[in-house]
Amino acid sequence: MKELQKIAVIGGGGRTGQYLVNQLIEKGYSLKLLLRHPENFTMQSPLIEIVEGDVLNPEAVRILLEDCSAVLSTAGQRQDEPLVASQASVNIMNAIGDRPVRYVVLAGLNVDTPSDEKGEQSVKATEWMRATFPAIHNDRQKSYSVLAESNAEWIMVRVPYIEFNGNRAEVKVSGTDSPGAKIDAADIAGFMINQITDDTWLRKAPFISN
Ligand SMILES: NC(=O)c1ccc[n+]([C@@H]2O[C@H](COP(=O)([O-])OP(=O)(O)OC[C@H]3O[C@@H](n4cnc5c(N)ncnc54)[C@H](OP(=O)(O)O)[C@@H]3O)[C@@H](O)[C@H]2O)c1
């Protein structure tokens with residue numbers, strides 16, 4: 001198993017990101033959080049170091065990753081802001097370079113990959129996303145291509161509707177289609193943290209659900 005030092009988190013102030021940060025701290029990881037507005041972040045721990053910056057800024061991402069062994073991202077698209085997913089992946093890949101730094105990124109089930117066998121519900125959800133938010137959908141798809149074309153250690157975790165109850169339950173995993181219609185943010189956090197050391201889904205985009 002890889003010896004873990006410090007974990008970088010992007011989106012740690014968001015709804016899912018807060019579960020991720022809490023669980024990482026509970027496990028004793030030292031964290032570096034990239035935050036655009038540190039003043040809005042209320043969680044406190046001696047294990048947390050804050051880097052102020054935007055994931056669209058390559059230099060901020062470089063500083064974030066310089067002493068980290070993995071980077072976990074729950075960054076999401078904000079309304080009326082520049083597209084974030086694909087450029088974030090480009091910046092993260094460039095900052096990782098040839099180092100064995102693992103990138104675990106959260107995405108919706110609307111992303112398509114060549115090995116998918118999406119069922120009716122997932123196809124419907126994908127088509128809805130494509131029709132309703134075409135630019136965001138295409139940018140997410142582009143983000144997947146950035147990863148697929150790289151030699152880095154990445155895992156894209158695809159999820160359906162997220163609930164924020166904080167209840168842990170069984171997590172179902174599939175490489176071909178979403179096994180269910182929803183998942184709790186606490187279970188997403190747990191699964192993403194497991195991916196730091198688990199090679200099962202390396203360079204793949206598993207679907208998870210409760
Ligand atoms: N909610 C769902 O049902 C659902 C379903 C499937 C997939 N997803 C995906 O899951 C992820 C997490 O969802 P969520 O609901 O937890 O998201 P969220 O609460 O909206 O949080 C998004 C986070 O991303 C950060 N962020 C956005 N743009 C950034 C930038 N340019 N630089 C740095 N940080 C940036 C935000 O920081 P600021 O506070 O600075 O804006 C925020 O902390 C998203 O990628 C979303 O697309 C969500």
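Residues numbered from 1 in each chain as written. Predicted model: local features only at pLDDT ≥ 70, side-chain atom pairs only at ≥ 80, totals over all residues. Heavy atoms only, no water.

Student: Would you take a moment to explain the packing of aromatic side chains for this structure?
Tutor: Where two aromatic rings form a pair, the distance of their centres and the angle of their planes describe that pair. With the rule as written, the count across this model stands at two aromatic pairs. On the basis of an interplanar angle of 75° and a centroid distance of 5.9 Å, the ring pair of tryptophan 128 and phenylalanine 133 is categorised as edge-to-face. By relative accessible area, tryptophan 128 is classed as exposed at 51%. Here the aromatic rings of tyrosine 144 and tryptophan 154 are separated by 5.9 Å at their centres, their planes lie at 85°, and the arrangement is edge-to-face. With tyrosine 144 in helix α5 (residues 134–148) and tryptophan 154 in strand β6 (residues 153–159), the pair connects residues that are 10 residues apart, well separated along the chain. By the burial criterion, tyrosine 144 is buried, and tryptophan 154 matches it. Geometry around phenylalanine 207 places arginine 158 over its ring, the cationic atom sitting 3.7 Å from the centre. (Phe/Tyr/Trp six-rings, centres within 6.5 Å; stacked < 30°, edge-to-face > 60°. Buried < 20%, exposed > 50% of the residue type's maximum accessible area, 1.4 Å probe, protein only. Helix = DSSP H or I, 4+ residues; strand = E, 2+ residues; numbered from the N terminus. Lys NZ or Arg CZ within 6 Å of the ring centre and 35° of its normal.)

Student: How should the nonpolar core be read in this particular structure?
Tutor: As a rule of thumb, nonpolar side chains are buried together in soluble globular proteins. Core analysis: the largest hydrophobic core is formed by 30 residues, its most contacted members being Ile10, Val55, Leu65, Val71, Ile92, Tyr103 and Met156. Of all elements in the fold, only β1 (6–10), α2 (58–65), α3 (85–96), β5 (102–108), α5 and β6 reach the threshold of two or more residues within this core. With five residues, α3 is the largest single contributor of residues to this core. The contacts of methionine 156, once residues within four sequence positions are left out, are Val105, Ala107, Val111, Ser143, Tyr144, Leu147, Lys204, Ala205 and Pro206. Listed in part, the 28 residues of the second largest apolar core include Ile7, Leu33, Phe41 and Ile208. (Core = buried A, V, L, I, M, F, W, Y, C linked by side-chain atoms within 4.5 Å. Contact = heavy atoms within 4.5 Å.)

Student: I'm lost on unusual backbone geometry in this one. Help?
Tutor: The phi angle of most residues is negative, glycine excepted, and most peptide bonds adopt the trans form. Of note in the backbone geometry, aspartate 80 takes a positive phi value of approximately 60° without being a glycine. One can find aspartate 80 in the loop between β4 (70–73) and α3. At arginine 203, a residue that is not glycine, the phi angle is positive and equals roughly 60°. Along the chain, the position of arginine 203 falls in the loop between α6 (185–194) and β10 (207–209). Overall, the relative accessible area of 39% leaves arginine 203 in the partly exposed class.

Student: Just to check I follow, could you spell out the environment of threonine 176 for this structure?
Tutor: Take threonine 176: it is sitting in the loop between β8 (172–174) and β9 (182–184). On the accessibility criterion, threonine 176 (27% relative accessible area) is partly exposed.

Student: Sorry, what's going on with the site of the ligand here?
Tutor: The ligand sits among 23 residues. The nearest are Thr16, Arg36, Asp54, Arg78 and Arg140. In this structure, arginine 15 approaches the ligand through a side-chain N or O atom, which is 2.8 Å from an oxygen atom. About the coverage of the ligand: the protein hides 83% of its 910 Å² of free accessible area. When residues of the shell around the ligand are traced back to their parent elements, those giving at least two are α1 (15–26), β5 and β7 (161–163). Here the shell around the ligand is built from residues that sort into 10 nonpolar, eight polar and five charged. (Near = heavy atom within 4 Å. Polar contact = N/O pair within 3.5 Å; in protein donor to acceptor, adjacent residues only side chain to side chain. Areas by Shrake-Rupley, 256 points an atom, 1.4 Å probe, with all protein chains shown as cover. Nonpolar A, V, L, I, M, F, W, Y, C, P; charged D, E, K, R; others polar.)

Student: So what exactly am I meant to see when it comes to α2 here?
Tutor: Two residues of an α-helix separated by three or four positions point the same way, owing to the 3.6 residues in each turn. Looking at α2, one finds that the buried residues are Ala60, Val61, Leu64 and Leu65. Take α2 and look down its axis: the buried residues cluster within an arc of 125°, on one side only. On its buried face, α2 is in contact with β1, β2 (30–35), β3 (48–52), β4 and α3. One side-chain oxygen at the N-terminal end of α2 lies 3.0 Å from the backbone nitrogen of glutamate 59; it belongs to asparagine 57. (Arc of directions from axis to C-beta.)

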